[in-house]
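Fold and geometry: a report
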Amino acid sequence: MTALSRQKLTQTRETSHDIYDVERIREDFPILGQKVNGKPLVYLDNAATSQKPQAVIDVIKTYYATENSNIHRGVHTLSERATRAYESARSEVKRFINAQEDREIIFVRGSTEGINLVANSYGRKFIQSGDEIIISWMEHHSNIVPWQLLCEEKDAVLRVVPINDDGELMLNEYEKLLSTRTKLVSIAHVSNALGSINPVKTIVEMAHSRGIPVLIDGAQAAPHMPVDVTEMDCDFYVFSGHKLYGPTGIGILYGKAHLLEDMPPYQGGGDMIKSVTFEKTLYNVVPYKFEAGTPNIAGAIGLGTAIHYVNSIGLERINAYERELLSYATEAISEIKGIRIIGTAKEKAGILSFILEGVHAHDVGTVLDHEGIALRTGHHCAQPVMQRFGVPATARASLGLYNTREEIDALVRALYKVIEVFR
Ligand code: 7TS
């Protein structure tokens, strides 16, 4: 047994108990123990990136200390070990989202690169002049701009599904936009600015009934709820490792095997080829066709361990805990005079965006930071959402599996301080 696999066995806890012991879970995250500006850190910026459990930090350290090697090329022992660890992370991801085959899992840098890969590969091959791509009004810029670039290049048209005043997708309008011109739908599973959970299964069914493939941007869903791409039947699904308690610089593009087979490479280089001559290059099989160059090996291994960690608690339990915490936070924050919550969808996950009347969101963020509270203020890389709600920016508290009611209470107390300072 290698140092890496031994570590994996000993360092991720077996937690079959029913009580969600958040204090115990917090001990797994060394960063949470610190003070910021003299106050205990309250980390509520999980939608931007989540903190890392010790198991993830350790596995990366152990990898570099004992197994570091390039993959898929050396016959030497270290290279074979590194290859096994990397490929076993792929299998871990496959099981995590219930894909059918390992080769449907492509390691990328993150959700952004996953979407860009589909736009550049699938899009360049299959989108023609006059075709339409459907996105929604609540997309992150990374699910808008790659499609705009493609539309510019191909003289195609971007169509946008509107949202209602609660921040819910208007399915009747989506239905109207679907036509014979539609060649792809790309929609967020969960909105990063509003927290709305979209009815992805219905969205996929409606598109599929017209033969249109669907990409689901799961950046804000994968950390909060079980994801089953087989049940959802989406054609592509992306998410980022760093929002799922894994390292930065690693993420996943899932694609149905037959689609990936039909797609041209995204980037050219080492590992993505079978043979190269100046006359003709033959490409490697899926998924390697899409993984040119030395990948983020340590990142993939770290992501595998993050998934192992999350599974050891259980996403169903994380989901139930966070839902309860979100409703606690929503109630507590709504009671503050002058607060307006942006995003009041019936189905929400992990995110509470708000504005405080008469105080700019950045000022809210600055005062909160003095109180040790980390949250994001601004447009959250979703400027069309801000325009839709007529606000320049919001303050956004986003939850992770380690947040507590006490932290929400600290946020509420700090918001009263903001009011004192600015009124
Ligand atoms: N899609 C959604 C819905 C997101 O929330 C984000 C990042 C991305 C895609 C891009 O992910 P990346 O890992 O490739 O950068 N969202 C945020 C956020 O809300 N605050 O910081 C990053």
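Quick look at the structure, then. Since the structure is predicted, the reported quantities are computational estimates derived from the model, not experimental observations. (Residues numbered from 1 in each chain as written. Predicted model: local features only at pLDDT ≥ 70, side-chain atom pairs only at ≥ 80, totals over all residues. Heavy atoms only, no water.)

Another point: the packing of aromatic side chains. Taken as a whole and judged by the stated rule, the model has ten aromatic pairs. Ring plane angle 70° and centroid distance 5.9 Å describe the contact between F29 and Y245, whose orientation is recorded as edge-to-face. In this pair, F29 is assigned in the loop between α2 (22-26) and β1 (35-36) and Y245 in the loop between β9 (236-240) and β10 (251-255), connecting sequence segments 216 residues apart. Assessed through its relative accessible area of 1%, F29 is described here as buried. The class for Y245 is buried, based on a relative accessible area of 1%. Relative to F236, the ring of Y122 has its centre 5.8 Å away and its plane inclined at 70°; by these criteria the two rings are edge-to-face. Taken together, the positions of Y122 in helix α5 (residues 111-126) and F236 in strand β9 put the pair 114 residues apart, joining distant regions of the chain. The structure contains a cluster of three or more aromatic residues connected by ring pairs, namely F29, Y245, Y309 and Y402. The ring of F389 is capped by R388, whose NZ or CZ atom sits 5.3 Å from the centre of that ring. (Phe/Tyr/Trp six-rings, centres within 6.5 Å; stacked < 30°, edge-to-face > 60°. Helix = DSSP H or I, 4+ residues; strand = E, 2+ residues; numbered from the N terminus. Buried < 20%, exposed > 50% of the residue type's maximum accessible area, 1.4 Å probe, protein only. Lys NZ or Arg CZ within 6 Å of the ring centre and 35° of its normal.)

On to the site of the ligand. Taken together, the neighbourhood of the ligand is formed by 16 residues, with T112, D217, H242, R376 and R396 sitting nearest. N192 places a polar side-chain atom, nitrogen or oxygen, 2.8 Å from an oxygen atom of the ligand. In the model, a nitrogen atom of the ligand is placed 2.5 Å from a nitrogen or oxygen of the R376 side chain. For the ligand, whose unbound accessible area comes to 490 Å², protein coverage reaches 87%. Residue composition of the shell around the ligand, by class: three nonpolar, nine polar and four charged. In this structure, the shell around the ligand is formed jointly by two domains, domain 1 (12-49 + 314-421) and domain 2 (64-311), each of which donates at least three residues. (Near = heavy atom within 4 Å. Polar contact = N/O pair within 3.5 Å; in protein donor to acceptor, adjacent residues only side chain to side chain. Areas by Shrake-Rupley, 256 points an atom, 1.4 Å probe, with all protein chains shown as cover. Nonpolar A, V, L, I, M, F, W, Y, C, P; charged D, E, K, R; others polar. Domains from an automatic or database assignment.)

This part covers the nonpolar core. Of all hydrophobic cores here, the largest spans 107 residues; its most connected members are V185, Y237, L401 and L415. Take this core: its biggest share by element is nine residues, from helix α11 (residues 297-313). (Core = buried A, V, L, I, M, F, W, Y, C linked by side-chain atoms within 4.5 Å.)

Time to look at the pattern of salt bridges. Tallied over the entire structure, the rule returns 25 salt bridges. Ionic pairing is found between R24 and E27, a salt bridge with its closest N-O pair at 3.9 Å. The residue R95 makes a salt bridge to E92 at a minimum N-O spacing of 3.8 Å. Of the two residues, R95 and E92 both sit in helix α4 (residues 77-97), three residues apart, roughly one turn of that helix. Looking at R95, the relative accessible area reads 55%, which means it is exposed. (Salt bridge = Lys/Arg side-chain N within 4 Å of Asp/Glu carboxyl O.)

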